Amino acid sequence: REEPTREEEQMVERSLGFAVPTRDDMVEIEPSSRLYERDGALVMTMSVLFGVQENNPQSEPISFVLKEGKLVTVRYVTPKPWIAFTREARVAADLVRDAPTALTRLLDAIVDRLADELEVSAAEIEQISRHTFRRSDGERITTKRLEAVLHRIGRTQSLVAKIRETAVSTARALSFLAASERLSAPGCTRAREQLSSLATDVNALIDHSGFQSSQLIFLLDASLGLISIEQNAAMKLFSWAALIFLPPTLIAGIYGMNFEFMPELRWVLGYPMALTLIVLSAVLPILILRRKGWI
């Protein structure tokens, strides 16, 4: 049940003869507090991903208690794997024929969901890459576009981090479950084989999530580099403007002085000459810069 009350927890504890983990116990991060066998009960607490479809990926601890052929889950959220597993179990009762099978199948649903979310994040990373490096000749990258790219990278990195957190937690739980005495019984051969396959899949997901994280780091560095390039281009434009308008300003300043003796003031061609000097002093730097390929 989601968000069990204390009365419900006590009822389950009386049925099991074992104290189920409380919410405070579930948030502990030490492996010894999350994975242990005590009084004939096997207890596993692992972080599970949820909230992806709501664009708010989070991880929430969920506990599994396996004792005397009974499986109890303690959770305060309902992740998608639970919904999918419940739907399938109603159709195929063989999925819940016993507690170890139900636990294994539920872990399988969690791993499948992680793989699906990694596929979604991979597609998003590909779109971010195309959006970041899609640039025609002469096209300027707007600030709004770069900000959008950075936001998408941040959201995707948050999702990948939560996926990796769940995958690592699941790998630890699978390793603990496979080594437990409960799964060492002769009748649990099939469950052990499934756990081994799930452990291989989870390790592959962990590696793939690490690869995606490195891709996102590259895209983040590339986006920041493009921002620096755009900022440098803007500063270069201001530098060109200063270089082009500085000589005309100098000439205009000279002929704007109030000296009594200035030969050009009484010269008939003095004004046209000043205008010609101003134009030449502005045009010549442009021609020189273009010839050198700087603009």
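Below is a summary of the structure that appears in this document. Just so we're clear, the structure is a prediction, and the values are computed from it rather than from any experiment.

On the secondary structure map, Ser209 appears in helix α7 (residues 189–255). Polar contacts involving the side chain of Ser209 include one to the main-chain carbonyl oxygen of Ile206, which spans 2.7 Å. Setting aside chain neighbours within four positions, we find Ser209 in contact with Leu118, Val160 and Arg164.

Here we take up the nonpolar core. Of all hydrophobic cores here, the largest spans 35 residues; its most connected members are Met44, Phe64 and Leu107. Among the secondary structure elements, those contributing two or more residues to this core are β2 (41–50), β3 (58–67), α4 (80–91), α5 (99–133), α6 (143–179) and α7. Considering every element that reaches this core, the biggest residue donor is α5, with nine residues. Listed in part, the eleven residues of the second largest apolar core include Val20, Ala41, Val43 and Tyr76.

On to unusual backbone geometry, then. You will see that Asp39, though not glycine, has its phi angle at about 55°, which is positive. Relative to the elements of secondary structure, Asp39 occurs in the loop between β1 (35–38) and β2. The exposure class assigned to Asp39 is exposed, which follows from its relative accessible area of 60%. Positive phi, normally seen in glycine, also occurs at Glu68, with a value near 50°. What makes Glu68 exposed here is its relative accessible area of 58%.

Quick notes on the rules
Here the residue numbers are simple positions, counted from 1 along each chain's written sequence. Side-chain atom pairs in this predicted model are given and counted only at pLDDT of 80 or more, local residue features only at pLDDT of at least 70, and totals for whole chains, interfaces and linings cover all residues. Water and hydrogen atoms play no part in the side-chain values, which are based on all heavy atoms of the structure. Starting at the N terminus, helices and strands are each numbered in turn, a helix being any DSSP run of H or I of at least four residues and a strand any DSSP run of E of at least two. In protein, a polar contact means a hydrogen-donor-capable atom and an acceptor-capable atom, both N or O and within 3.5 Å, with residues adjacent in sequence counting only if both atoms are side-chain atoms; elsewhere, any N or O pair within 3.5 Å suffices. Two residues qualify as a contact provided that any one of their heavy atoms is within 4.5 Å of a heavy atom in the partner residue. Within this scheme, the nonpolar core is defined by two criteria: the residues are buried Ala, Val, Leu, Ile, Met, Phe, Trp, Tyr or Cys, and they are joined through side-chain atoms within 4.5 Å. Throughout, exposure labels follow a simple rule: accessible area from a 1.4 Å probe, protein chains only, divided by the maximum for the residue type, with under 20% read as buried, over 50% as exposed, and the rest as partly exposed.

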